[in-house]
Structure formats: C-alpha cells, structure tokens
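Listed below are the residues making up each chain.
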Amino acid sequence: QVQLVESGGGLVQAGGSLRLSCSASGRTFSNYHMGWFRQAPGKEREFVAAITWSGGSTYYADSVKGRFTISRDNAKNMVYLQMNSLKLEDTAVYYCAVVWRWPDRSENNWGQGTQVTVSS
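Let us look at the structure shown here. (Residues numbered from 1 in each chain as written. Predicted model: local features only at pLDDT ≥ 70, side-chain atom pairs only at ≥ 80, totals over all residues. Heavy atoms only, no water.)

1. A closer look at the nonpolar core
- Counting residues in hydrophobic clusters, the biggest one holds 34 residues, and the most contacted among them are Trp36, Val48, Phe68, Ile70, Leu81, Met83 and Tyr94.
- Counting residues per element, the ones that place at least two in this core are strand 3 (18-25), strand 4 (33-39), strand 5 (46-51), strand 7 (68-73), strand 8 (78-83), strand 9 (92-101) and strand 11 (114-119).
- With six residues, strand 9 is the largest single contributor of residues to this core.
- In this view, Phe68 contacts Arg38, Val48, Tyr60, Leu81, Gln82, Met83, Asn84, Leu86, Asp90 and Tyr94; residues no more than four positions away in its chain are not counted. (Core = buried A, V, L, I, M, F, W, Y, C linked by side-chain atoms within 4.5 Å. Buried < 20%, exposed > 50% of the residue type's maximum accessible area, 1.4 Å probe, protein only. Helix = DSSP H or I, 4+ residues; strand = E, 2+ residues; numbered from the N terminus. Contact = heavy atoms within 4.5 Å.)

Right, here's the structure in full:
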C-alpha cells in the first residue's frame, strides 16, 4: 500500500490562498493517477481534483474549478493543491489518495489529512 502524508493546511481568511502538499511512498508513485478529496464537518468526503500519472491531464469538481490547481512532481513523489480565492465552504479536512478509476474514484487508503479553515 502507498503511504500518504498531507501537509500545508491552516487558518486563512476568505479570499486567501493555501498550498497543500502530499507525500507518497511505498509504491511506484508515477504509475498512478492521484487526487485530492475533502471532508467537511457532518458531511461525506467529496472529490476535489485529480491528476493523471503523467501530469498531462487534470479534472476538477465544479465547486473549485478556476480557483484550485492540482500538480505533481514524480521525481519527488509529491502531489500539490494550490488553493486560491478560498471561500468559507472550502473549510474541511483535505486528503490525497490514489485514483483507481478516473477521474474521481479513490482507493480506500487515507492519510491523516490536513485541516483547512477559512474564516470571514
């Protein structure tokens, strides 16, 4: 199994930016599509963004399209999520995961996540 460690979350005002990072180990990282997902309090985990194994294609949830950018560095086994123009409704715990079926079906293998809190 791949081990995933998310970081970069924090408290930010609405309209601000954050960059999340996900470090992966344990499998050949560059073989897999990767994604970001989030879970807000009292809600189910939802898809945010995905990137193909090569980084050549990306896919976004409508709620974040135009504001978030997913990227990866296969040499470093890292996936990133640049989040701009943050809104209150972006508050959630963010997780990265291997995407087993493009674009939004993840493996049931989760790290500890990183908390993002957007304040007014």
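2. Regarding the state of the cysteines
- For the structure shown, the criterion picks out one disulfide.
- Here Cys22 connects covalently by a disulfide to Cys96, the sulfurs 1.8 Å from one another. Measuring handedness by torsion sign, the sulfur bridge of Cys22 and Cys96 sits at about 50° and is right-handed. In this pair, Cys22 is assigned in strand 3 and Cys96 in strand 9, connecting sequence segments 74 residues apart. (Disulfide = S-S within 2.5 Å.)

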